[in-house]
Amino acid sequence: QVQLVESGGGLVQAGDSLRLSCAASGRYNMGWFRQAPGKEREFVAAISTNGRSTYYADSVKGRFTISRDNAKNTVYLQMNNLKPEDTALYYCAASINLQPGSRISLYNYWGQGTQVTVSS
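These numbers come from a predicted model, not from an experiment.

What counts, and at which threshold
Residues numbered from 1 in each chain as written. Predicted model: local features only at pLDDT ≥ 70, side-chain atom pairs only at ≥ 80, totals over all residues. Heavy atoms only, no water. Phe/Tyr/Trp six-rings, centres within 6.5 Å; stacked < 30°, edge-to-face > 60°. Lys NZ or Arg CZ within 6 Å of the ring centre and 35° of its normal. Pairing = 2+ DSSP bridges. Helix = DSSP H or I, 4+ residues; strand = E, 2+ residues; numbered from the N terminus. Axes fitted to C-alpha atoms, helices over the stretch in contact; angles between N-to-C directions. Disulfide = S-S within 2.5 Å. Buried < 20%, exposed > 50% of the residue type's maximum accessible area, 1.4 Å probe, protein only.

Turning to the packing of aromatic side chains, a few remarks are in order. Scanning the model with the defined rule gives 5 aromatic pairs in all. Clustering of aromatic rings is evident, with ring pairs tying together Phe33, Phe43, Tyr91, Tyr107 and Trp110. One Lys or Arg, Arg41, reaches over the ring of Tyr91 and ends 3.8 Å from the middle of that ring. Taking NZ or CZ as reference, Arg41 lies 4.8 Å from the ring centre of Trp110, over its face.

Taken together, 4 strands build an open sheet; the order of strands is 1-3-8-7 and the sheet is antiparallel. One side of each edge strand has no neighbouring strand; the edge strands of this open sheet are strand 1 (4-7) and strand 7 (64-69). Direction aside, neighbouring strands of the sheet carry axes that sit 15° apart on average. By the bridge criterion, 6 bridges tie strand 3 (residues 18-24) to strand 8 (residues 74-79) in an arrangement that is antiparallel. If you follow Ser21 over to strand 8, its bridge partner there is Tyr76.

On to the state of the cysteines. Taken as a whole and judged by the stated rule, the model has 1 disulfide. Through a disulfide, Cys22 is tied to Cys92; the S-S separation comes to 2.0 Å. Between Cys22 and Cys92, the disulfide has an S-S torsion of 50° and is therefore right-handed. In this pair, Cys22 is assigned in strand 3 and Cys92 in strand 9 (residues 88-95), connecting sequence segments 70 residues apart. Comparing Cys22 with Cys92 shows no difference in burial state: the two are buried.

See below:
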């Protein structure tokens, strides 16, 4: 069973930065998603197993960076210039498919989520 453990969430002010971490029990294509209250879960970023390919939602391009340390089986989401609309529960997800992507259906395993709250 794949285990994913997120950490790094918190309460910050607009313009601040946070780095989320996701420790996995193996090496997979990985993605970050988020879900705000009353809204559907949405794609944020994804990274391939070797780290060479990354994908971002338009809403976070230029502000968020996904990366990974395969020696630690950990994926990171560096979030800069945070905005109140970034407030959500952030989930990491693992995919055993050949390529990562933005579709929720690509991902087989999910973490419990870490809360990010950005105040204005």
